[in-house]
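A look at the structure
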Amino acid sequence: MRALVYHGPGRISWDTVTDPAIEDPTDAVVRVGTTTVCGTDLHILRGDLPEVKAGTVLGHEAVGEVVEVGRDVHHLRPGNEVIVSSVSACGRCRPCHDHMFGQCGGGGGWILGNLIDGTQAEFVRVPFADHSTHRRPSALPLDDAVLLAEVLPTAYEVGVRNGEVGPGDTVVVVGAGPVGLATVAIARLYSPRRVIAVDLSAARLEAAVRMGADAAEVPGRMIAELYEGPGADVVVEASGEPEGFVLCTRAVRTGGHIAVVGTPGRPVTLHLESLWRKNVTISTGQVDTSSTAWLLGLLRFGRLRVSPLITHTFGLDRVVDAYDVFSHGATSGALKVALHRG
């Protein structure tokens, strides 16, 4: 098969590799119909995640058709259309019993495109397939479905839920990339007083307004007003930049929440000397994808609109071009790219 192979920092190529096969009885093999590129993939390409070895097929989000299942897979059969979660779950360990699939202690967690070959390929082996996939309703568009693999669960679980967004809250989202914009959209479901998006890109600020933000501004006046005034109830850090986290600490109110969603590629300073008296709760988290079924229902019944997040589409064989466009989102206007099997 053909796949996107990582060769070390700064080097990827679309290569011919060995077809995946069933290795464990709980595996399934899925023919990839749609996949995408994540900000974490860019971190890998920059060398920020040294545990990813040269020769690994990248990618951890996909929608596709089951073509083979292991003997201990009971809820899937060949021909089923599925969403492949970015997180694999053994379903047996204590974290999995607590629905903390991102912390799976039985060989799962974030392994696709990290510790094992991933989804930016014509086929992918999915471990623990019964617990790591969701059936895709035929009426759900592929581009919406692929956002359920990681983007939407991350925005909800790590941003909105960890931040404890509630009615009447002022919510600030720092970083208007795909996860930040999804956080804006999902936060609106909880009847906040205001949702404010902060980013350096004019195009992404415009996208934030389309996704439901009440205000969208570059850092500056709005953050200063929050710092000098009552502050925000919930601030979601979705930029992954150290400067973004500092903005969050300035914008949050006394007794408020900072929910860290972004993936930092370099050290971040926690200024406890200015925070210790504010009773601030700071949360971090690896997505668990435990909310995927609930979010799927919101999409099916029109309660959540996310199609504007996909701005560029490519054939799967143009994945290297997709990386280039996605990595230059500030100039290309790319939010999320979708790669479709030809």
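In case you missed it, the structure is sitting above this.
For the structure given in this document, a descriptive report is provided here. For clarity, every value in this text was computed on a predicted model and none was experimentally measured.

1. Let's talk about the pairing of strand β5 (residues 81–84)
Relative to β5, strand β4 (residues 62–69) runs antiparallel, the two sharing four bridges. Bridge pairing in β5 links Gly64 to Val82. Sheet analysis places β5 next to strand β7 (residues 133–135), joined by three bridges and oriented antiparallel. The residue bridging Val84 from the neighbouring strand is Thr133, located in β7.

2. Section: the state of the cysteines
Taken as a whole and judged by the stated rule, the model has zero disulfides. In this model Cys93 remains outside any disulfide bridge; the closest cysteine sulfur is found in Cys96, 3.6 Å from its own.

3. Let's talk about the packing of aromatic side chains
By the definition in use, this model includes one aromatic pair. Judged by centre distance (4.7 Å) and plane angle (45°), the ring pair of Tyr156 and Trp294 falls under tilted. Pair noted here: Tyr156 is in helix α5 (residues 151–161) and Trp294 is in helix α11 (residues 292–300), with a separation of 138 residues, a long-range link. Classification of Tyr156 as buried rests on a relative accessible area of 11%. The positively charged end of Arg250 is found above the aromatic ring belonging to Tyr227, 4.1 Å away from the centroid. Against the face of Phe123 rests Arg341, its NZ or CZ located 5.3 Å from the ring centre.

4. Description of the layout of surface pockets
Where empty space is left can be seen by rolling a probe of water-molecule size over the atoms. In this structure, the largest pocket encloses a volume near 1,400 Å³. Contributing to the lining of the largest pocket are 50 residues, with His43, Ala238, Ser239, Gly240 and Thr263 lying nearest its centre. Grouping the amino acids of the lining of the largest pocket by side-chain chemistry returns 22 nonpolar, 19 polar and nine charged. Considered as a void within the structure, the second largest pocket measures approximately 210 Å³ in volume. Forming the boundary of the second largest pocket are 15 residues, of which Thr18, Pro20, Glu23, Asp117 and Arg125 lie nearest the centre. Each residue belonging to the lining of the second largest pocket can be placed in one class, and the counts come to eight nonpolar, three polar and four charged.

5. Quick word on the nonpolar core
Most often, soluble globular proteins keep nonpolar side chains buried together rather than apart. Counting residues in hydrophobic clusters, the biggest one holds 54 residues, and the most contacted among them are Leu148, Leu152, Leu181, Ile186, Leu295 and Leu304. Mapped onto this core, the elements with two or more residues apiece are α4 (142–147), α5, β8 (170–174), α6 (178–187), β9 (194–198), α7 (202–210), β11 (232–237) and α11. Trp14, Leu49, Val325 and Val337 belong to the second-largest nonpolar core, a separate cluster that totals 22 residues.

Analysis parameters
Residues numbered from 1 in each chain as written. Predicted model: local features only at pLDDT ≥ 70, side-chain atom pairs only at ≥ 80, totals over all residues. Heavy atoms only, no water. Pairing = 2+ DSSP bridges. Helix = DSSP H or I, 4+ residues; strand = E, 2+ residues; numbered from the N terminus. Disulfide = S-S within 2.5 Å. Phe/Tyr/Trp six-rings, centres within 6.5 Å; stacked < 30°, edge-to-face > 60°. Buried < 20%, exposed > 50% of the residue type's maximum accessible area, 1.4 Å probe, protein only. Lys NZ or Arg CZ within 6 Å of the ring centre and 35° of its normal. 1 Å grid on protein atoms, 1.4 Å probe; cavity = no way out; pocket = protein on both sides within 12 Å on 5 of 7 lines; lining within 4 Å. Points joined across faces, edges and corners; volume = space filled by probe spheres on them. Nonpolar A, V, L, I, M, F, W, Y, C, P; charged D, E, K, R; others polar. Core = buried A, V, L, I, M, F, W, Y, C linked by side-chain atoms within 4.5 Å.

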